[in-house]
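# Analysis of the macromolecular model
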Amino acid sequence: NADVAMYRVKEHGRNNYRFYAPEMNHMALDRLDMEGNLRRALERDEITVFYQPILSLESGRIIGAEALARWNHPRIGMIHPPEFIPLAEETGLIIPLGERVLRLVCAQLAAWRKAGLPPLRAAINISARQFRQDDLPRLVGRVLDEAGLAGDALELELTESMVMHDVDNAIAMLRELKQLGVDLALDDFGTGYSSLSYLKRFPIDALKIDRSFVRDIDSEADDAAIAHAVIAMAHSLGLRVIAEGVENEAQLELLRRYGCDDFQGFLFSRAVPAEEFALLLKSGRTMPPAECEA
Ligand code: C2E
Ligand code: MG
Ligand code: MG
Ligand code: MG
């Protein structure tokens, strides 16, 4: 049984656990078991979604959330995406998993609206395999309809490598998705190979600057220059810019100075369960906290 080789290891937060086994090749050994476990996890509704607030740098207010999958394993605890998304992608389980996430998020957005919370947009990560499914736009449209939501309730996050892989097909797919009224963002920007000028060809709305550039923005001149240039050029192409992985005030201040539009990061909040996110919204908490009215 795969569980035998998995140990609970406390990470930063209270509920964060990682798979860990002493053997170097534990992933290979556990793979089949993991696949079965993940399949059962889907059947047993163990896949859940946490929400990380996305804030406007200008207003300091929450304007949306990134939906991040979590596997709530009955014995191991909360398992994070890097531990199961790659396997899901390899085995094709990402298709039902991605649909599950999409449904959970749309149902949650609808419930929040019904409860009188201000409408906000959720960003959903789309995997390479999902992006290659011709019926992805139809699925997204159907799930939005069933939840009674307009397309602008969602931002779909894609990666550079996904759209660069087969450019003509990618552009056709992006156009179809845009027709639903959803926003499209390029995630982890800067980690792939595309040039900014190339982006003109894609009907996208936003760029997310990868965490690896934000991390040393306040200490490495190169990273600061890259972030600054990416923001300026994205704006000249009419794209919104979201910085991810903002962990301290110095990073936030630089991003503000460079004109970055939105941000997310541990400085304000980690990804939290839906109920906690709703409390955060209702609290009216802003960033910087000095602007807090309470
Ligand atoms: P991502 O889309 O780039 O999501 C941002 C990741 O950075 C999240 O990790 C988030 O918790 C983490 N993060 C946010 N702010 C900070 C910060 O200030 N510091 C640090 N150190 N980390 C921060 P998470 O939730 O573990 O997700 C990892 C990746 O897994 C995501 O990266 C995304 O590529 C993938 N993923 C997550 N959920 C889904 C999903 O539903 N479907 C698909 N296809 N992929 C998903
Ligand atoms: Mg993302
Ligand atoms: Mg990202
Ligand atoms: Mg990233």
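Scroll up to find the structure.
Residues numbered from 1 in each chain as written. Chains lettered and ligands numbered in written order. Predicted model: local features only at pLDDT ≥ 70, side-chain atom pairs only at ≥ 80, totals over all residues. Heavy atoms only, no water.

## Things to note about the coordination of the magnesium ion (ligand 2)
Within the first shell, the magnesium ion (ligand 2) binds the protein through Glu66 (OE), Asn125 (OD1), Glu157 (OE) and Asp187 (OD), at distances of 2.0 to 2.2 Å. Going along the chain, you hit the donors of the magnesium ion (ligand 2) in the pattern E-x58-N-x31-E-x29-D. Here the magnesium ion (ligand 3) and the magnesium ion (ligand 2) are spaced 3.6 Å from one another, each receiving a donor from aspartate 187. Here the residue glutamate 66 occupies a position in strand E3 (residues 62–73), and aspartate 187 occupies one in strand E7 (residues 183–189), the gap between them amounting to 121 residues. (Donors = N, O, S within 2.8 Å, 3.2 Å for Na, K, Ca; no water. Helix = DSSP H or I, 4+ residues; strand = E, 2+ residues; numbered from the N terminus.)

## Re the pairing of strand E8 (residues 206–209)
Residue alternation in E8 divides its side chains into two sets, Ala206 and Lys208 and Leu207 and Ile209, and both sets are buried. In terms of strand pairing, E7 meets E8 through 3 bridges, oriented parallel. Within E8, the position partnered with phenylalanine 189 by the bridge is isoleucine 209. As judged from the 4 bridges shared by E8 and strand E9 (residues 240–243), these two strands associate in the parallel manner. Bridge assignment links alanine 206 to a residue of E9, and that residue is arginine 240. (Buried < 20%, exposed > 50% of the residue type's maximum accessible area, 1.4 Å probe, protein only. Pairing = 2+ DSSP bridges.)

## Considering the site of ligand 1
In the vicinity of ligand 1 there are 23 residues, among which Arg70, Asn125, Asp187, Glu247 and Phe266 approach most closely. Between ligand 1 and aspartate 188, the relevant distance is 3.0 Å, taken from an oxygen atom to a side-chain nitrogen or oxygen of the residue. For ligand 1, whose free accessible area comes to 800 Å², the fraction covered by protein is 85%. Those elements that place two or more of their residues in the shell around ligand 1 are E3, helix H3 (94–114) and E7. Examining the composition of the shell around ligand 1, we find that 4 residues originate from one element, E3, more than from any other. Residue composition of the shell around ligand 1, grouped by class: 9 nonpolar, 6 polar and 8 charged. (Near = heavy atom within 4 Å. Polar contact = N/O pair within 3.5 Å; in protein donor to acceptor, adjacent residues only side chain to side chain. Areas by Shrake-Rupley, 256 points an atom, 1.4 Å probe, with all protein chains shown as cover. Nonpolar A, V, L, I, M, F, W, Y, C, P; charged D, E, K, R; others polar.)

## Overview of the environment of tyrosine 258
Looking at where tyrosine 258 falls in the secondary structure, it is placed in the loop between helix H10 (249–257) and strand E10 (262–263). The class for tyrosine 258 is buried, based on a relative accessible area of 14%. As for tyrosine 258 and isoleucine 47, which are separated by 211 residues in sequence, their C-alpha atoms are 38 Å apart. Leave out the neighbours within four places in its chain, and tyrosine 258 touches Ile217, Ala224, His228 and Ile231. (Contact = heavy atoms within 4.5 Å.)

## A few points about empty space enclosed by the protein
Across all of its chains, the model carries 1 cavity of 30 Å³ or more by this definition. Every residue along the wall of the largest cavity is listed here: Gly98, Leu102, Ile124, Ile126, Gln130, Leu136, Val140 and Leu156. Only H3 and helix H5 (136–147) provide two or more residues apiece to the lining of the largest cavity. Broken down by class, the residue content of the lining of the largest cavity amounts to 6 nonpolar, 2 polar and no charged. (1 Å grid on protein atoms, 1.4 Å probe; cavity = no way out; pocket = protein on both sides within 12 Å on 5 of 7 lines; lining within 4 Å. Points joined across faces, edges and corners; volume = space filled by probe spheres on them.)

## Digging into unusual backbone geometry
Look at aspartate 45: it is not a glycine, yet its phi comes out positive at around 60°. A positive phi angle is found at aspartate 188, which is not glycine, with a value near 50°. Relative to the elements of secondary structure, aspartate 188 occurs in strand E7. Owing to a relative accessible area of 26%, aspartate 188 belongs among the partly exposed residues under this scheme.

## Here's the deal with the pattern of salt bridges
One pass over the structure, following the stated rule, counts 14 salt bridges. The residue lysine 208 makes a salt bridge to glutamate 157 at a minimum N-O spacing of 2.5 Å. Pair noted here: lysine 208 is in strand E8 and glutamate 157 is in strand E6 (residues 154–159), with a separation of 51 residues, a long-range link. No difference in accessibility class separates lysine 208 from glutamate 157, as the two residues are buried. Ionic contacts of the salt-bridge type, sharing partners, join the residues Arg121, Glu155, Lys178, Asp183, Asp205, Arg240 and Asp262 into one network. (Salt bridge = Lys/Arg side-chain N within 4 Å of Asp/Glu carboxyl O.)

## Quick look at the nonpolar core
Ranked by internal contacts, the top residues of the largest apolar core, which has 88 residues, are Val105, Phe131, Leu154 and Leu207. With 8 residues, H3 is the single largest residue contributor to this core. When sequence neighbours within four positions are dropped, the list of residues in contact with leucine 207 reads Leu186, Phe189, Leu196, Leu199, Val230, Ala234, Leu239, Arg240, Val241 and Ile242. Listed in part, the 5 residues of the second largest apolar core include Ile54, Ala123, Ala206 and Ile242. (Core = buried A, V, L, I, M, F, W, Y, C linked by side-chain atoms within 4.5 Å.)

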